[in-house]
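Each chain, written out:
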Amino acid sequence: MFKRTHTCGELDRSFVDEIVKLNGWVNTVRLHGKIVFVDLRDRYGKTQLVFDENSFSEDFGKIKKLSIEDVISIKGFVNNRDDSSINPDMKTGNIEIIVSEFIILNESSPLPFVLSDRSSAEEQFRLKYRYLELRIEELQKNLMFRHDTYQATRDYLSKNNFLEIETPILMKSTPEGARDYLVPSRLHHGKFYALPQSPQIYKQILMISGYDRYFQIVKCFRDEDLRADRQPEFTQIDIEMSFVDEEDIFSNMEDLTRAIFSTVKGIELPNPFPRITYRDAMELYGSDKPDTRYDMKLIDLKLFTDKSEFNAFSSVESVRGFVVKTGAKYSRKFIDELTEELKKHKAKGLAWIKYQEGKFIGGISKFFSESLQVEIVEYLKINDGDILFMVGDSNDIVCKSLGKLRNLIAEKEGLANKNNYKPIWVTEFPMFDYDEENKRFIAMHHPFTAPREEDIDKLDNSPAMALSRGYDLTMNGHEIAGGSIRIHSPKIQKKIFSLLGLSHEQAVEKFGFLVEALQYGAPPHGGIAFGFDRLVMLLAGTENIRDVIAFPKTTSATSLMDESPNYVDGSQLDELGLSLKG
RNA sequence: GGGAUCGUAGUUCAGUUGGUUAGAACGCCGGCCUGUCAAGCCGGAGGUCGCGAGUUCGAGUCUCGUCGGUCCCGCCA
């Protein structure tokens, strides 16, 4: 092997006539008989090699055996290309290497698929041969974004006095939240470790231990069903701070987020980030992670529909809707598709009215008198050619389904520019969700989230009304971070456990060590965790979490490359004291 | 747990109403070729139509089941 003097991405005209040595993969071969062009590739770029029968010192026949993805090592000189043969699409397109000697370091078998682009094979094959797919520029770029994000994060936090501290991967299984991944214990048959859903408890204990600014870029594990933006193992930027309130968290985390976007993408985010309460987010955007890149806010229309003849809306709790500019062009078929989508979100239907040539047309327009039409047009500032969509139902269903519709329309109309980044804090979440099935309250954030000072009284009488000190940082319709000010009073912590239906014994059994720790001088503290993969997705401009993870799993939590999970030898089970059912 | 959708050559796809020998492009193999950059031209090989049943004289095509991928609902504090 010739030790490389340069990479394949760095040579230009300033190197002309220099003798250079390059290593890399054969990206393409263009064979012309007595002259052969090869694009040599490494992760820094591509450089054109020229094998000329006249200037090549060795057996020219050897070159004709070159095939795609062979690994080679070459020696040659940098040649200035004629104006007519410059390739403006290549960074190194002004030059080429006239090769005098070369070594094939390793031949490649014919490839299972062409490495030209991501669409050249189904994902199933690309995941099986992930090591080949990772050679494609798009994925290399994504992993570089990821690297830059790690570094920007560590740089900012370290400079601001946060300590990076590792917490255990083998821990105790805790109730609430997601299903745990379990690890059987060899030394303690019948006992199991759990992989952390997050280092939540450890980071709170670190606060109690006095490490008042902690962070960790850490893998978390949740055994739940997957989605395009969800993997069974994923990465968080986990952060916790002592002697702080919401404002300290917000300002520090905004600075961190701005630092990341500025260094990784060269984008300056607003200062400060806007905020919205959970309630306003749900009522105006129909989502707890509002995409504020476009308007189309949900508007209460109950007063108007009650004056109409449309009886389906007269008995419902809530009627809301929003206007889509130029939406009158939508076909019946398209509106039907939207309706089907809304039914997934429990809406019974989608009411619509087109406004054309000064009057309501189609849909439920006949139920609205002329004077009522004028009122509505004025109130909503409807223009000719617009469409009004409405849903009537319980307020919860109305908001959530319209929120979904809002996103669908934005996608259809191209309103969501992925180079436009709109962060917004969501605050004042309720403490609890009520689980109708099990007739009990469930922590909306997690059981260590503090209630608002003024809502502590409500815990006794109307816990459903109590708001928490939890917050989410959202951007472009994604939750990129979530956290809260924690409970540091053992008394309130016990009350929350009891509201969650955990008996004193259960709470002590599951979280006793934390409750105990709270008694020994716990400082007021709070924190947040960023979904690192989703953050990188946003930075890389992709909608798929697998695009930003080197070795991702499928939506059924398998790895097609190494075929995990898999069976184990019976002797391994014996050692663990396990036997399989059936 | 539920819904939708996809599975045909190494890969991406086409394949009519169920009907003779399942096609194309790229890749692969062989040949020609001195300026290409998705090189070009000529020729060739390559198929358990995911798997298993069923309907039928006859199934890539229809039915049921099953396996796998993707997307969504539930779920994911």
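Residues take numbers from 1 onward in each chain, read along the sequence in its written order. Whichever chain is written first becomes A and whichever ligand is written first becomes 1, with later ones labelled in order. Only residues with pLDDT of at least 70 get local features here, since the model is predicted, and only at 80 or more are side-chain atom pairs given and counted; chain-wide, interface and lining totals rely on the full set of residues. Side-chain figures throughout are based on the complete set of non-hydrogen atoms in the structure, without hydrogens or water.

Enquirer: Tell me what's going on with the packing of helix 12 (residues 490-499) against helix 13 (residues 504-518), and back it up with residues and numbers.
Expert: Here an angle of 0 to 180 degrees is reported between the N-to-C directions of two axes, which are lines fitted to C-alpha atoms, with helices fitted over the stretch in contact. Here a strand is any run of E in DSSP of at least two residues, a helix any run of H or I of at least four, and the numbering for each starts at the N terminus. Two elements in contact, helix 12 and helix 13, have axes whose closest approach is 11 Å; the angle formed by their N-to-C orientations is 155 degrees. Of the possible angle classes, the one that applies to helix 12 and helix 13 is roughly antiparallel. The way helix 12 lies across helix 13 gives a crossing that is right-handed. Residues Pro490, Gln493, Lys494 and Phe497 of helix 12 lie in contact with helix 13, whose contacting residues are His504, Ala507, Phe511, Val515 and Leu518. Any residue outside Ala, Val, Leu, Ile, Met, Phe, Trp, Tyr, Cys, Pro, Asp, Glu, Lys and Arg is labelled polar, Gly included; the first ten of those are nonpolar and the last four are charged. Grouping the constituent residues of the contact of helix 12 with helix 13 by class yields six nonpolar, two polar and one charged. Orientation labels follow simple angle bins: below 35 degrees gives roughly parallel, above 145 gives roughly antiparallel, 65 to 115 gives roughly perpendicular, and whatever is left gives oblique. Take the far helix as the reference: if the near one is turned anticlockwise from it by less than a right angle, the crossing is left-handed, and if turned clockwise, right-handed. Contacts are assigned to residue pairs that have any heavy atoms within 4.5 Å of one another.

Enquirer: Hey, could you go over the side chain of Gln373 for me, with residue numbers and the actual values?
Expert: Within the secondary structure, Gln373 is located in helix 9 (residues 370-380). Here a polar contact means two N or O atoms within 3.5 Å. Within protein one must be a hydrogen donor candidate and the other an acceptor candidate, and residues neighboring in sequence count only if both atoms are side-chain atoms. Side-chain polar atoms of Gln373 contact the backbone nitrogen of Phe360, separated by 3.1 Å. Setting aside anything within four residues of it in sequence, one finds Gln373 in contact with Lys359, Phe360, Ser365 and Phe368.

Enquirer: Can you tell me about the protein's contact with RNA strand B, naming the residues and giving the values?
Expert: The criterion for a residue being near a molecule or strand is simple. One of its heavy atoms has to lie within 4 Å of it. The local shell around RNA strand B holds 47 residues, among which Ala443, Met444, His445, His446 and Thr555 are the closest. Put simply, 52% of the atoms of RNA strand B that lie within 4 Å of the protein are in sugar or phosphate. A distance of 2.8 Å is found between a base oxygen of RNA strand B and a side-chain nitrogen or oxygen belonging to Asn54. Between a base nitrogen of RNA strand B and a side-chain N or O atom of Arg81, the distance comes to 3.0 Å. Secondary structure elements with two or more residues in the surface near RNA strand B: strand 1 (19-31), strand 2 (35-42) and helix 1 (123-128). Looking at the surface near RNA strand B residue by residue, the class counts come to twelve nonpolar, 20 polar and 15 charged.

Enquirer: I'd love a proper account of the environment of Glu375, names of residues and values included.
Expert: Tracing the sequence through the fold places Glu375 in helix 9. Glu375 sits 151 residues away from Gly526 along the chain, and the two C-alpha atoms are 49 Å apart. Residues within four places of Glu375 in sequence aside, it is in contact with Phe304 and Lys307.

Enquirer: Got a sec to walk through a nonpolar patch on the surface? Specific residues and values, please.
Expert: The patch calculation keeps residues exceeding 30% relative accessible area without a salt bridge and links them within 9 Å when they carry like charges or within 5 Å when they are nonpolar (Val, Leu, Ile, Met, Phe, Trp, Tyr). A 1.4 Å probe and the Shrake-Rupley method give the accessible areas. Residues count as covered only by the protein chains that appear here. Salt bridge, as applied in this entry: a Lys or Arg side-chain nitrogen positioned within 4 Å of an Asp or Glu carboxyl oxygen. Among the surface-exposed residues, Tyr131, Phe551 and Met561 lie close enough to one another that they form a single nonpolar patch of about 310 Å² accessible area. With respect to the helices and strands, the residue Phe551 is situated in the loop between helix 14 (532-540) and helix 15 (570-576).

Enquirer: Give a description of helix 14 that names residues and reports values.
Expert: Note on helix geometry: an α-helix contains 3.6 residues per turn, so any two residues three or four positions apart are oriented the same way. With a 1.4 Å probe rolled over the protein chains alone, any residue whose accessible area is under 20% of its type maximum counts as buried; one over 50% counts as exposed, and the rest are partly exposed. In terms of burial, helix 14 is a largely internal element, seven of the nine residues being buried. Positive backbone phi, approximately 70 degrees, marks Gly541, located one or two places after helix 14.

Enquirer: Would you mind going over the pairing of strand 4 (residues 71-80) in detail, with residue names and values included?
Expert: By the bridge criterion, seven bridges tie strand 1 to strand 4 in an arrangement that is antiparallel. Paired with Ile19 across the strands is Phe77, a residue of strand 4. Inspection of the sheet shows strand 4 paired to strand 5 (residues 95-106) by ten bridges, in the antiparallel sense. Opposite Gly76, over in strand 5, you have Val99 as the bridge partner. One requirement defines pairing of two strands: DSSP has to find at least two bridges between them.

Enquirer: Go over the sheet that holds strand 3 (residues 45-52) with me, naming the residues and quoting the values.
Expert: One closed barrel holds the five strands; their spatial order is 1-2-3-5-4, and the pairing between them is mixed. Shown here is a sheet whose adjacent strand axes are inclined to one another by a mean of 55 degrees, direction ignored.

Enquirer: Go over the pattern of salt bridges with me, naming the residues and quoting the values.
Expert: Side chains carrying opposite charge are able to pair once their charged atoms draw close together. Counted under the stated rule, the structure contains 46 salt bridges. The partner of Glu69 in a salt bridge is Arg41, and the shortest N-O contact between them spans 2.9 Å. Here Arg41 lies in strand 2 and Glu69 lies in the loop between strand 3 and strand 4, a separation of 28 residues in the sequence. We note that Glu69, like Arg41, is buried. The residue Asp295 makes a salt bridge to Lys297 at a minimum N-O spacing of 2.8 Å. Each of the salt bridges in this network shares a partner with another, and the network as a whole consists of Arg118, Arg126, Arg130, Glu133, Glu138 and Asp547.

Enquirer: Any details on the pairing of strand 16 (residues 386-393)? Residues and values, ideally.
Expert: Within strand 16, eight of the eight residues are buried, which leaves it mostly tucked inside the rest of the structure. By the alternation rule, side chains of strand 16 split into Asp386, Leu388, Met390 and Gly392 and Ile387, Phe389, Val391 and Asp393, which are all buried. As paired strands, strand 13 (residues 318-324) and strand 16 are joined by seven bridges and run antiparallel to one another. Among the inter-strand pairings, Val319 is bridged to a residue of strand 16, identified as Gly392. Pairing geometry for strand 14 (residues 351-356) and strand 16, over five bridges, is antiparallel.

Enquirer: Explain the side chain of Thr449 to me, and be specific about the residues and the numbers.
Expert: Among the structural elements, Thr449 can be located in the loop between strand 19 (440-443) and helix 11 (458-461). For Thr449, the side chain forms a polar contact with the side chain of Ser484, separated by 3.2 Å. Filtering out sequence-adjacent residues up to four positions away, Thr449 remains in contact with Met431, Ser468, Arg469, Gly470, Ser484, Ile485 and Ile487.

Enquirer: So, the packing of aromatic side chains: which residues are in play, and what are the values?
Expert: Here a pair means two rings of Phe, Tyr or Trp (six-membered ring of Trp) with centres within 6.5 Å. Their orientation is stacked below 30 degrees between planes, edge-to-face above 60, and tilted elsewhere. For the structure on display, the rule yields 25 aromatic pairs. For the pair Phe310 and Phe313, a centre-to-centre distance of 4.8 Å together with 90 degrees between the ring planes defines the contact as edge-to-face. One aromatic cluster is present, formed by Phe51, Phe56, Phe60 and Phe102 through successive ring pairs. Here Lys412 stacks its cationic end above the ring of Phe334, 4.3 Å away from the centre of that ring. Our definition puts a charge over a ring when NZ of Lys or CZ of Arg is within 6 Å of the ring centre and also within 35 degrees of the ring normal.

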